[in-house]
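Reading the structure
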Amino acid sequence: MKVIAVANQKGGVAKTTSTYNLATAKAIEGYKVLMIDLDAQGSLTIAAGIEPGEDRLEGFSTVDLFNKKKDPADAVFEVQTVPLDEKLYIVPSDPNLANTENYVNSLDEKVYFIKDACEVFAQYDFDYIFLDCPPNLGIIVTNALVAANEVIIPVKTDYLSYRGVELIKDSVAKVKSNKRMNPEIEVLGIIPTMYRGNTNDHKDILNILEKQGKILGIVKESVSASKGDVDGVPAVVYDPKSDVAKAYFDIAKLI
């Protein structure tokens, strides 16, 4: 089983879009895939057709991964918005996750919750776990990095977004340097997103990103591919022949 954290401390860089499309692409390949929504905003949860805070999530959400008295497996839902029977699952987020972060910060052993949960999930024959991280470098992101084998960094190709690359790389380096955390973690690469090839600024940022790490693939800006978001369907299902879908399919093959 491989655990992949999708992370960047900058918001609006297509972390959730990348997580959903890559996870679905791996499920289409035939793998059993679990997504874990670690963002209190719940964008991935909403995309998967689940409304954060609804009654059926009571006691069955990401919050419960931080409760040692709960079985992580009880928080897993099958994604119903894509036609992939028993291949794509999610642990949905919950608005209370923000409060949970404060609680976890007060603990001594506070960085191993997600790692411990992933060890439980390994017993259910998942091939991949994708961790959709919040747009910060807090304790929940640290939990994700401690649990992950690899990190993927989506970056919108503008000047404000690319600066987050070094910050998340620094966080990975700190986790890697601590033998008790995760000395095996690696940055798999960078995904430039919302790229406009006819814009000089975007070309300049892409050149900078190429010097900061391996480019896994370039996801172009696309209006048509984003239309499926309304129905909770990722581009790889909604419009599999689009440039966006093709980019994510190609990146998925590298994972």
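Look up a bit, the structure's there.
Everything numeric here is computed off the predicted structure, so don't read it as measured data.

For the rest of this paragraph, the subject is the pairing of strand S2 (residues 33-37). Of all five residues that make up S2, five are buried, and the element is covered over most of its length. Burial of S2 is two-sided: the residues Val-33, Met-35 and Asp-37 facing one way and the residues Leu-34 and Ile-36 facing the other way are all buried. Examined bridge by bridge, S2 and strand S4 (residues 88-91) share four bridges and lie parallel to one another. By the bridge assignment for S4, Ile-36 is matched with Val-91.

Quick look at the environment of Ile-185 now. By the secondary structure assignment, Ile-185 is in the loop between helix H7 (164-177) and strand S7 (186-193). Residues Ile-185 and Val-155 lie 30 residues apart in sequence; the distance between their C-alpha atoms is 20 Å. The residues touching Ile-185, leaving out its near neighbours within four places in the chain, are Leu-145, Ala-148, Asn-149, Val-151, Val-172, Val-175 and Lys-176.

If you look at the biggest cluster of nonpolar residues, it comprises 45 residues, and the most contacted ones within it are Ile-36, Phe-121, Leu-131 and Leu-145. Top contributing element to this core by residue count: helix H5 (residues 139-147), with seven residues. Here Phe-121 is in contact with Met-1, Leu-34, Ile-36, Leu-65, Pro-72, Ala-73, Val-76, Val-91, Phe-126 and Ile-129, once residues within four sequence places are set aside. If you look at the next biggest cluster of nonpolar residues, it comprises 36 residues, including Tyr-128, Ile-152, Ile-251 and Ala-252.

Rules used throughout
Residues numbered from 1 in each chain as written. Predicted model: local features only at pLDDT ≥ 70, side-chain atom pairs only at ≥ 80, totals over all residues. Heavy atoms only, no water. Buried < 20%, exposed > 50% of the residue type's maximum accessible area, 1.4 Å probe, protein only. Helix = DSSP H or I, 4+ residues; strand = E, 2+ residues; numbered from the N terminus. Pairing = 2+ DSSP bridges. Contact = heavy atoms within 4.5 Å. Core = buried A, V, L, I, M, F, W, Y, C linked by side-chain atoms within 4.5 Å.

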